[in-house]
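# Structural overview
Here is how the chains run, residue by residue.
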Amino acid sequence: MRAMLWVIGVVGGALILLGLLLEAVRWLVIIGLIALVVVIVLAFVKGRQVARHRSSGRR
């Protein structure tokens, strides 16, 4: 009986830790996607600034 309680406790703890890990991974994926979008937007803006600066310098 005691061994069965230990097994149930260990499995329950493992499931809780797995749930927390999956939740953390989900949030890390969301944060990573947001960072990727920000980098793409900043690169686009910087590229337009450089293109505008070069075209105004030729005049």
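Our subject is the structure that appears above.
Residues numbered from 1 in each chain as written. Predicted model: local features only at pLDDT ≥ 70, side-chain atom pairs only at ≥ 80, totals over all residues. Heavy atoms only, no water.

The secondary structure content of the chain amounts to one helix and zero strands. Relative to the compact-globule value of 10 Å for 59 residues, the chain shows a C-alpha radius of gyration of 25 Å, a clear excess of over 25%. Once the C-alpha set of the chain is aligned to its principal axes, its extents read approximately 90 × 10 × 5 Å. Expressed as a percentage of its 59 residues, the buried residues of the chain come to 0%. Accessible surface, the chain: about 5700 Å² in total, of which carbon and sulfur atoms supply 77%. (Helix = DSSP H or I, 4+ residues; strand = E, 2+ residues; numbered from the N terminus. Rg over C-alpha atoms; globule rule 2.2 N^0.38 Å. Buried < 20%, exposed > 50% of the residue type's maximum accessible area, 1.4 Å probe, protein only. Areas by Shrake-Rupley, 256 points an atom, 1.4 Å probe, with all protein chains shown as cover.)

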